[in-house]
Amino acid sequence: MFVKFGLAFLVILTVLQYSLSQEVDGPAILTDGNGIRIKSLGDIVFETSAGGNVRAVDENGRPATMAGLKGEPGQQGQKGETGGRGAAGQGGSKGAKGADGSTGPPGPQGSPGSPGLVGPAGSAGPKGATGSKGDNGAKGSMGLTGGQGDPGLKGERGAHGVCTGDASTCDDPKLSWNQCVFDNLNSQKDYGFLAGCNISKVRNDTLLRITWDGNMRITRCSICCMRWLFFINGMECTDPAPIDNVLYQSSNYHILRHGHFTGICRQAGERELTAGLNRVQLMLQDCPGFDGFVYDAYTGWNTISRIIIEEVVPSYIDTTPVTKPPIAPQVYNPYYCQFAYPNLSRNRERNLGHIANISFVKKADDTALRFTWEGNFRKQRCSTCCTQWYITIDGTRCTAHEDVRTTISAARSFNLFFPTTLSGVCFEAGGGPIGKGNVLLKLEVGNCDGSPIADGASGFNQSSRFIVEEIPI
């Protein structure tokens, strides 16, 4: 009896321990007349009778079953067979952009492509700067004989013959002359030969007087200078002096100026100008002192240009090179005289006073004097001002047929050397005729009436010439 009661009590304790670990609604232990009732999970009721029997019933009193206490884990079973592949899952959302990878090594060079189509011609570029004169190239091989050319132009008039003795012993002492005319020469050359003209000298003891008339220009440069000059038989005149003309400008201008220059020549290079054919060439070169630079030049635009060559017989021409006018008068034989001044401007930056002087011996009372000054003039550093150059005879100006003078006037300051020929005829000065004997002639400079003094200069970088001729009235 005691053993049976104890076993029932143990069962009740086990059930009670199990029930207390569960979550149940209402009181877990009840007592009634039928004994002790213990409510467990799932509304299972454990009843004990007075006799100590225990049974499990549901809430309706029917017998119920309950799980026993959890046993020890069994041994792991054998791995089952691999199941079949499941269906593909839905695609995930797009991930964030990854960082740029490092540059890979260069690939192998591809094969050359086929040539592309020729593109259209580009527009013409601006004119480049003129280069310096190059060296003479090697002599080329003889070319093929060309076909017969067109008939040439009519030749110049031939000379009557060469007189090698005194003129009085010749049947025809008539001297030679020639003029070559160039209609719209329009030469754009910046260096070298521009135009030519020939003459056949009659005598050995005569000289050549050579004159150029036309226009000239330099542009696209500042502080620049170009020189036009004559060659005779391929050489520059050396006796008494070169026959040349210079254009200089301190700023860039585009002005086509009329140019006239003339001079006398006895010798070119080492050779005297003898009787027979003599070739005269107008040339263009850089100026001395400008490091060999050449500039954009133009000669003979839209005009008639001329080279005039005359054979003359002066009584005397001074051949001593000078750089300034002589202090003492220089006396010459009658009829004709030329005095040359190489690079006069070295000591003739002068605003007032005499520039050059020459003494001439006039042979007769009933003759006139023709003056010609060849060189260049400049005025600058003033506005609305005027500078004049004029010739005086024994200290007075010409009174018959007016003054022999020229002027330069401008409304603003320019530093331009203008090529200038000052020429005129005079037979009266100081109120009376110019008598025979020594006559002192001067080229002078000054300001025009009512004008302030300007910065004048004469004869820059060229040979200036003072020519005097005695002519019949």
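All of the points below concern the structure found in this document. (Residues numbered from 1 in each chain as written. Predicted model: local features only at pLDDT ≥ 70, side-chain atom pairs only at ≥ 80, totals over all residues. Heavy atoms only, no water.)

Right, let's talk about the packing of aromatic side chains for a bit. Evaluation of the coordinates by the stated rule reveals nine aromatic pairs. With a centroid separation of 5.3 Å and an interplanar angle of 40 degrees, the aromatic rings of F230 and F261 are classed as tilted. You can see F230 sitting in strand β8 (residues 224–232) and its partner F261 sitting in strand β11 (residues 257–265), a full 31 residues away along the chain. Where F339 meets Y341, the ring centres are 4.9 Å apart and the plane angle is 40 degrees; that geometry is what we call tilted. Pair check on accessibility: F339 and Y341 agree, each one buried. Grouped by ring-pair contacts, the aromatic residues Y248, F290, F417 and F460 constitute a single cluster. Between R397 and the ring centre of Y390, over which it is positioned, the NZ or CZ distance is 3.6 Å. (Phe/Tyr/Trp six-rings, centres within 6.5 Å; stacked < 30°, edge-to-face > 60°. Helix = DSSP H or I, 4+ residues; strand = E, 2+ residues; numbered from the N terminus. Buried < 20%, exposed > 50% of the residue type's maximum accessible area, 1.4 Å probe, protein only. Lys NZ or Arg CZ within 6 Å of the ring centre and 35° of its normal.)

This part takes up unusual backbone geometry. Geometrically, the link from D239 to P240 is a cis peptide bond, its omega value of 10 degrees lying close to zero. Position of P240 among the secondary structure elements: in the loop between β9 (235–239) and β10 (244–249). Although it is not a glycine, I223 sits at a positive phi angle of roughly 50 degrees. The backbone of N302 sits at a positive phi, close to 55 degrees, despite the residue not being glycine. Positionally, N302 belongs in the loop between β15 (296–299) and β16 (304–312).

Here we take up the state of the cysteines. One pass over the full model with this rule turns up seven disulfides. The disulfide partner of C382 is C385, and the S-S distance across this bridge is 1.6 Å. An S-S torsion of about 55 degrees defines the bridge between C382 and C385 as right-handed. Overall, the relative accessible area of 11% leaves C382 in the buried class. The class for C385 is buried, based on a relative accessible area of 1%. Between the sulfur of C386 and that of C448 lies a disulfide, 1.9 Å long from S to S. Handedness of the C386-C448 disulfide follows from its S-S torsion of about -45 degrees: it is left-handed. Residue C386 is located in strand β20 (residues 385–393), and its partner C448 is located in the loop between β26 (437–447) and β27 (455–458); the two are separated by 62 residues in the primary sequence. (Disulfide = S-S within 2.5 Å.)

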